[in-house]
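Residue-level structure breakdown
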Amino acid sequence: MKRVGVIGVGKYLPKKILSNSDLEKTVDTSDEWITTRTGIKERRLAAKTEATSDLALKAAKDALLDAKLNPSDVELIIVATVTPDMQFPATACLLQNSLGAKNAVCFDVAAACAGFIYAISIAQQFIARGVYKNALVVGAETLSTITDWQDRSTCVLFGDGAGAAVLSEVKSGGIISTYLGSDGSMSELLMVPAGGSRNPASYKTIDSRLHCIKMRGNELFKVAVNTMTHAAEAVLKQAGIKISEVNLIIPHQANTRIIAAVGKKLGLSLDKFYLNIERYGNMSSASLAVALCEAVKEGRIKKGDTVLLDAFGAGLVWGACVIKW
Ligand code: ACO
């Protein structure tokens, strides 16, 4: 088996910023409520002309530049997203075309906020077995297109963006362990009820706003804390690494209070976690991808560091990954 690592990272955030005070003008909320309950101050919104694959393209180009690779070097593209450009073809295929990555095999992964870890885990196995040499893993979302902008309990939480990582064989370090979990019995806690075969689009589904995110936030909060803690402990056990040996944890950015509660259970303070939720909110699959990129670019991750990625999301699904940088 080959050793697999991240050899390049990239990101793209749409220019338009929606602040908490902007939201105060459209729904019954306050900057104070959003900040204290979630840690979010602002989020980005894609332009009307920007679909998920457009965001993904910019992040992918950034990551390939960082990895010093050309699009033709990419043999596998996985896009993690719950907001694809359309039901089919896969957003990964649309990205392949706009990127000019003619030699790549392409597909999407729908594992919500854990999507980036699921995609990394799949790409790692293809490369480790020598099937493909270089893989482009992208987390990209336009959650603003499935947000109910009249529902204050959800519209303050989400944002748009894309992050990307290039995976390839490395001489030292790399991905030490990945851990994935799922529990479909809790799917009703977080879903977009219409638009699929269960509730195809109709005037009724649109009038009832069933094409938007429906979330039981309070119940989800507790499950999120437990699953993220469990995933972190399980992946570290698998890797034979103690939590004290981890230099930085990059958690899914759903809520600062969730991250603090996971930290408390793991015996860690918040400064052990990378946080950018204040600027971007929850970007589902894109959150971890963007956070990993920013942590590298800001020098929070240095060569030789041990990094833990940790996420949960709709499904429910969860996952964690230990990478030696
Ligand atoms: N502004 C002001 N008040 C609000 C707002 C708002 N934006 N939203 C809700 N409230 C009110 C509620 O109506 C409620 O009022 P009441 O007490 O009069 O009934 C009160 O605030 C408390 O509501 P709760 O839902 O209990 O608030 P909570 O502290 O649980 O925070 C939150 C809500 C932020 C959603 C939290 O539960 C959370 O973060 N949950 C997890 C969300 C999550 O992780 N989602 C994962 C998404 S991942 C993916 O796959 C996309």
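A quick note: this is a predicted structure, and the numbers were derived from the prediction, not measured. (Residues numbered from 1 in each chain as written. Predicted model: local features only at pLDDT ≥ 70, side-chain atom pairs only at ≥ 80, totals over all residues. Heavy atoms only, no water.)

**Points about the overall build of the chain**
To be explicit about the condition: Secondary structure elements are defined from DSSP: runs of H or I of at least 4 residues count as helices, runs of E of at least 2 residues count as strands, and each element is numbered from the N terminus. Each radius of gyration reported is based on C-alpha atoms, and the globular scaling rule is 2.2 Å times the count of residues to the power 0.38. Categorising residues by exposure relies on relative accessible area from a 1.4 Å probe, with only protein chains included: less than 20% of the type maximum marks a residue as buried, more than 50% marks it as exposed, and the intermediate range marks it as partly exposed. Residues count as neighbours in contact if any of their non-hydrogen atoms are within 4.5 Å of one another. Exposure was quantified through the Shrake-Rupley algorithm and a 1.4 Å probe, taking into account, for residues, occlusion by the shown protein chains and nothing else. Charged-residue counts in this description rest on Lys and Arg as positive and Asp and Glu as negative, His and the chain ends being excluded. Lysine's charge is taken at NZ, arginine's at CZ, aspartate's at CG and glutamate's at CD.
Each helix and strand in the chain was counted, giving 11 helices and 13 strands. Here the chain has a C-alpha radius of gyration of 19 Å; the compact-globule value for 325 residues is 20 Å, and the two agree. Expressed as lengths along the three principal axes of its C-alpha atoms, the size of the chain is roughly 55 × 45 × 35 Å. Per-residue burial over the chain gives 55% buried out of 325 residues. Here the contacts in the chain between residues at least 6 apart in sequence split such that 76% fall between residues at least 24 apart. Approximately 14100 Å² of the chain is accessible, and the part contributed by carbon and sulfur atoms is 53%. Once the 37 positive and 31 negative side-chain charges of the chain are each reduced to a mean point, those two points are 4 Å apart.

**Description of the pattern of salt bridges**
Between side chains of opposite charge, a pair can form when the charged atoms approach closely. What counts is decided by this rule: One speaks of a salt bridge when a side-chain nitrogen belonging to Lys or Arg is within 4 Å of a carboxyl oxygen belonging to Asp or Glu.
Applying the stated rule across the entire model yields seven salt bridges. As a salt-bridge pair, Arg 152 and Asp 28 come within 3.6 Å of each other at their nearest N and O atoms. Separated by 124 residues along the polypeptide, Arg 152 in helix α6 (residues 152–155) and Asp 28 in the loop between α1 (20–24) and α2 (31–38) bring together distant segments of the chain. A relative accessible area of 62% means that Asp 28 is categorised as exposed. When the shortest N-O distance is used, the salt bridge between Asp 148 and Arg 209 registers 2.9 Å.

**Comments concerning the packing of helix α5 (residues 115–128) against helix α11 (residues 285–297)**
For any two helices packed against each other, one specifies the inter-axial angle together with the distance between the axes. Our working rule: Lines fitted to C-alpha atoms define the axes here, with helix axes fitted over just the stretch in contact, and angles between the N-to-C directions of these axes take values from 0 to 180 degrees. Roughly parallel here means an angle under 35 degrees, roughly antiparallel means over 145, roughly perpendicular means 65 to 115, and every remaining angle is called oblique. Polar here means any residue outside two lists: the nonpolar Ala, Val, Leu, Ile, Met, Phe, Trp, Tyr, Cys and Pro, and the charged Asp, Glu, Lys and Arg; Gly therefore counts as polar.
For the pair α5 and α11, the least separation of the axes is 6 Å and the interaxial angle reads 70°. Relative to α11, the element α5 lies roughly perpendicular. Between α5 and α11, the contacting residues are Gly 115, Phe 116 and Ile 117 on the first element and Ser 285, Leu 288, Ala 289 and Leu 292 on the second. The residue makeup of the contact of α5 with α11, split by class, is five nonpolar, two polar and no charged.

**Observations regarding the sheet that holds strand β7 (residues 160–169)**
Within a sheet, adjacent strands bond to each other through the backbone by hydrogen bonds, running parallel or antiparallel. Put simply, the rule reads: Strands pair, by our definition, only if DSSP identifies at least two bridges between them.
Taken together, the five strands give an open sheet; going across it, the order is β1-β7-β6-β4-β5, and neighbouring strands pair in mixed fashion. Each edge of the sheet is formed by a strand with only one pairing partner; in this case those strands are β1 (4–12) and β5 (105–109). In this sheet, adjacent strand axes meet at a mean angle of 20° when their direction is disregarded. Pairing of strand β4 (residues 76–80) with β5, which is carried by five bridges, proceeds in the parallel orientation.

In short, shape yes, function no, at least from these values alone.
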